[in-house]
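Below, each chain spelled out in residue letters.
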Amino acid sequence: MSCDPFKLSMMAKIDGELGRDEEAALQAHLAACSPCREELASHQRIKEMTSFLRLRQPEDRDWEQYWSRIHNRLERNLAWIFVSAGAVLLAGFLTFWLLEQFVLSAAVPWALRLGGTLLIAGLLLLFVSVWRERWSLRKTDRYEGIIR
Amino acid sequence: MPEKEIGWDEKGCIEQLQKGNKDALAPLVEFYRKRAYNIALGFVRNPEDALEMSQLAFIKVYRSIRHFDGQRAFFPWFYQILRNTCFNFLQKKKKLKEESLEEADSSGSESLFTISRTPEEDFRIGEQRRLLAEAIQQLKPKEREILLMQHFHQMSYSEIAESLGIPIGTVMSRLYQARSALREYLERHYPSGLKHVM
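First things first, this report covers the structure right here in the doc. (Residues numbered from 1 in each chain as written. Chains lettered and ligands numbered in written order. Predicted model: local features only at pLDDT ≥ 70, side-chain atom pairs only at ≥ 80, totals over all residues. Heavy atoms only, no water.)

## Some remarks on a nonpolar patch on the surface
All names here are of chain A.
And step 1. On the surface, a cluster of nonpolar side chains totalling about 460 Å² of accessible area is made up of Phe127, Val128, Trp131 and Trp135.
And step 2. In this structure, valine 128 sits in helix α6 (residues 110–140).
And step 3. Residue class for valine 128 comes out partly exposed when judged on its relative accessible area of 44%. (Patch = residues over 30% accessible without salt bridge, like charges linked within 9 Å, V, L, I, M, F, W, Y side chains within 5 Å. Areas by Shrake-Rupley, 256 points an atom, 1.4 Å probe, with all protein chains shown as cover. Salt bridge = Lys/Arg side-chain N within 4 Å of Asp/Glu carboxyl O. Helix = DSSP H or I, 4+ residues; strand = E, 2+ residues; numbered from the N terminus. Buried < 20%, exposed > 50% of the residue type's maximum accessible area, 1.4 Å probe, protein only.)

Dropping the structure here:
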């Protein structure tokens, strides 16, 4: 009988995830197949060995500050929302004011009006471009399948 | 999966969070922070970055908890958020490196493990552990991820399957491939075979 179907059962056996029926089938196969017995034993040894390894841990003070860092960031996010909303409102008002007082006013020299128009158009274009890039990244940023 | 502590009510915390109670995040963080850090470390390989990514994942949990289906297990959902956060970070880091024409991936050479031995254990054991740590780091990313999930994050097959969106059969076959690769690596470096290891 082929050993292949039992390779996966070996994994489940090592990890304590093998059902009673599969266990009986695996034991029957192992009784007759010494290469599989050896393979199972070596996989078990590897699992035992890994239990002695420890993942690198941060300093104790990092754990002490862990929650406060999350809390502070959550608070700051709210602050950033207020700042951004305020900035957008002010920028809108300023643009309107510049248009009214400066660009559309016949009393202002044409070179100054042209400069002001280009500046406002450039800033608007930059804003739209950055916003569109961020939006498309947000929509298309699929992490699945990324291999390092 | 670690034992649930007395008084710990995950479902209750999640319900409170979904109602907008920010304080309910604290016990969730307290319970999962070490696991979150260890998982992130497996991806980013650097303790500082792993702390940062795990904290960021909790912030994302807070922001998107209203989309979480309370009938499902929380941890696989959280794992996906954390994993995506780490992938996103690595992608940005890689892009930055490419832009600065830096070829060496410094994070790739950092060790995931601290290798220690007690005074009673001989030098040979320390060497074997170092070799095993090296072997784990040589695994393909998919194999390393699943091995870390099972061996170091104590996740069950069903949790792994749900977290990665794969069938349990695939979990087992990936684990088999990972362990076989480790076995081959160790046998190559210990010509006398694994029987003499440990």
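## A few points about the pattern of salt bridges
And step 1. Under the definition given, this model contains 13 salt bridges over all chains.
And step 2. A salt bridge links aspartate 15 of chain A to arginine 179 of chain B; its shortest N-O distance comes to 2.7 Å. Of this pair, aspartate 15 of chain A sits in the loop between α1 (4–14) and α2 (20–32) while arginine 179 of chain B sits in helix α8 (residues 168–189), each in a different chain. For the pair shown, aspartate 15 of chain A and arginine 179 of chain B are each scored as buried.
And step 3. Here lysine 93 of chain B and aspartate 49 of chain B are joined by a salt bridge, their closest N and O atoms 3.8 Å apart. With lysine 93 of chain B in helix α4 (residues 74–99) and aspartate 49 of chain B in helix α3 (residues 47–64), this residue pair connects regions lying 44 residues apart in the sequence.
And step 4. One network of salt bridges, with partners in common, ties together Lys7 and Glu39 of chain A together with Arg183 and Glu187 of chain B.

## Topic: the interface of chain A and chain B
And step 1. Opposite the 39 residues of chain A that make contact, chain B presents 61 residues.
And step 2. When chain A packs against chain B, the two sides together hide about 5,200 Å² of surface, and 64% of this comes from carbon and sulfur.
And step 3. Taken together, chain A and chain B are joined by three salt bridges.
And step 4. At the boundary of chain A and chain B, one finds 17 residue pairs in polar contact (both at pLDDT 80 or more).
And step 5. Residue assignment for the side of chain A that touches chain B shows that the elements contributing at least two residues are α1, α3 (34–50), β1 (54–55), α4 (60–64) and α5 (66–103) of chain A.
And step 6. No other element matches the nine residues that α5 of chain A contributes to the side of chain A that touches chain B.
And step 7. Considering only residue class, the side of chain A that touches chain B consists of 18 nonpolar, six polar and 15 charged.
And step 8. Relative to strand β1 (residues 113–114) of chain B, β1 of chain A is paired through two bridges, and the arrangement is antiparallel. Each residue of the ladder has a partner; that of arginine 54 of chain A, found in β1 of chain B, is threonine 114 of chain B. (Contact = heavy atoms within 4.5 Å. Buried area = accessible area lost by both parts, 1.4 Å probe. Polar contact = N/O pair within 3.5 Å; in protein donor to acceptor, adjacent residues only side chain to side chain. Nonpolar A, V, L, I, M, F, W, Y, C, P; charged D, E, K, R; others polar. Pairing = 2+ DSSP bridges.)

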